[in-house]
Amino acid sequence: MKVLILGGTTEAGALARALAEREIPALFSYAGRVAAPKPQPLPTRVGGFGGADGLAAFLVAQRITHLVDATHPFAEQMSRHAVAAAERTGTALIALTRPPWEPQESDRWQRVASIEAAVAALAGPPERVLLAIGRLHLAAFAARPEHHYVLRLVDLPEEAPPLPRHTLTVDRGPFTREGDLALMREHGVERLVCKNAGGAGAAAKLEAARALQLPVIMIDRPALPPRREAHGPDAVLDWLGHRSTSDDGTDRGV
């Protein structure tokens, strides 16, 4: 057995620690979009593979038997490449995913299907908008220059975002409800735009928006090819045949 983790999420790091503790041969891969990714207890590579063909060649060259797609729920291209490469090479594949967020009774969500739909949903009078979407799609919001955008990024961008009115903060999660409340109040945020990434570590902004009764434009996850999914590292360990149990002996697999 040899495992390749396509990482980038908190869950990917937890799985890496579990594999290292069990001395299961594994590699960890980062896409390379963050300047200083968190170190992992496994041999780690950084960068792309060169599409599905490149990933397939890597799987063969490294004799990978099990592929775990633990990328961000919106890393659509990488997830599609993983499905295609696994099919071509006969590599077992599982996706370590987070259950999506669901609105609570007091939430003011407007669900949209894409970045483009989120931009369209911002039609209206000028507002102060917290864009919690990462850096890759910021340029799309230049189509709505009337708003003042509050941006929170992991790294300082090499070039200024193409938004005529914006405030930039650099910070790395996990974030807290209190911290995000302070951020929204400090910058007078009137609306939140975010992707439905799921997970507890990124939910603080939703809790803060709920407390302030702010409207939220929630971007739904992209549709992906059929694949096996697990919602926690323990479930992946079960799939690998290395069942994890809690201290009282009960199975914690999903």
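Now for a quick tour of the structure. These figures come from a predicted structure and were not determined experimentally.

1. Some thoughts on the packing of aromatic side chains
So, step 1. Using the criterion set out here, one finds 3 aromatic pairs in the structure.
So, step 2. Measuring from ring centre to ring centre gives 6.1 Å for phenylalanine 141 and tyrosine 149, while their planes differ by 65°; the resulting arrangement is edge-to-face. The same class applies to phenylalanine 141 as to tyrosine 149, namely buried.
So, step 3. The lysine or arginine in question, arginine 45, covers the ring of phenylalanine 49, its NZ or CZ lying 3.9 Å from the ring centre.
So, step 4. Over the ring of phenylalanine 58 we find arginine 45, and its NZ or CZ is 5.2 Å from the ring centre.

2. Focus on empty space enclosed by the protein
So, step 1. In the structure shown here, the tally under the stated rule is 1 cavity of 30 Å³ or more.
So, step 2. Estimates place the volume of the largest cavity at around 40 Å³.
So, step 3. Together, Ser106, Asp107, Arg108, Trp109, Leu206, Ala209, Arg210, Gln213, Leu214 and Val216 line the largest cavity.
So, step 4. Broken down by element, the lining of the largest cavity gets its largest block of residues, 3 residues, from helix H6 (residues 204-212).

3. Overview of the nonpolar core
Considering soluble globular proteins, one finds that nonpolar side chains tend to be buried as a cluster.
So, step 1. By size, the foremost hydrophobic cluster in this structure holds 22 residues, and its most contacted members are Val3, Ile5, Leu15, Leu19, Phe28, Val68 and Val236.
So, step 2. When residues of this core are traced back to their parent elements, those giving at least two are strand S1 (3-6), helix H1 (10-21), strand S2 (26-30), strand S5 (92-96) and helix H7 (233-240).
So, step 3. Setting aside anything within four residues of it in sequence, one finds leucine 15 in contact with Ile5, Val68, Leu96, Pro233, Val236 and Leu237.
So, step 4. Core analysis: the next-biggest nonpolar cluster, separate from the first, contains 19 residues, Ile115, Ala121, Tyr149 and Ile219 among them.

Rules used throughout
Residue indices follow the written sequence of each chain, beginning from 1 at its first position. Reporting of local features is limited, given that this is a predicted model, to residues whose pLDDT is at least 70; pairs of side-chain atoms are given and counted only at 80 or more, and all residues count toward the totals for whole chains, interfaces and linings. The basis for every side-chain value is the complete set of heavy atoms in the structure, and neither hydrogens nor water enter the calculation. In this scheme Phe, Tyr and Trp rings, the latter by its six-membered ring, pair at centre separations within 6.5 Å, and the angle between planes marks the pair as stacked below 30 degrees, edge-to-face above 60, and tilted otherwise. Working definition: with a 1.4 Å probe on protein chains only, accessible area under 20% of the residue-type maximum means buried, over 50% means exposed, and in between means partly exposed. Charge over a ring is defined by NZ of Lys or CZ of Arg lying within 6 Å of the ring centre and within 35 degrees of the ring normal. Grid spacing is 1 Å over the protein atoms alone, the probe is 1.4 Å, and a cavity is where that probe fits but cannot get out, while a pocket is an open set with protein on both sides within 12 Å along at least five of seven lines and lining residues have an atom within 4 Å of a point. Grid points are joined across faces, edges and corners, and a volume is the space filled by probe spheres set on the points. Working definition: helices are DSSP H or I runs of at least four residues, strands are E runs of at least two. Numbering for both runs from the N terminus. What is meant by a nonpolar core is a set of buried Ala, Val, Leu, Ile, Met, Phe, Trp, Tyr and Cys residues, joined one to another through side-chain atoms within 4.5 Å. Any two residues having at least one pair of non-hydrogen atoms within 4.5 Å are treated as being in contact.

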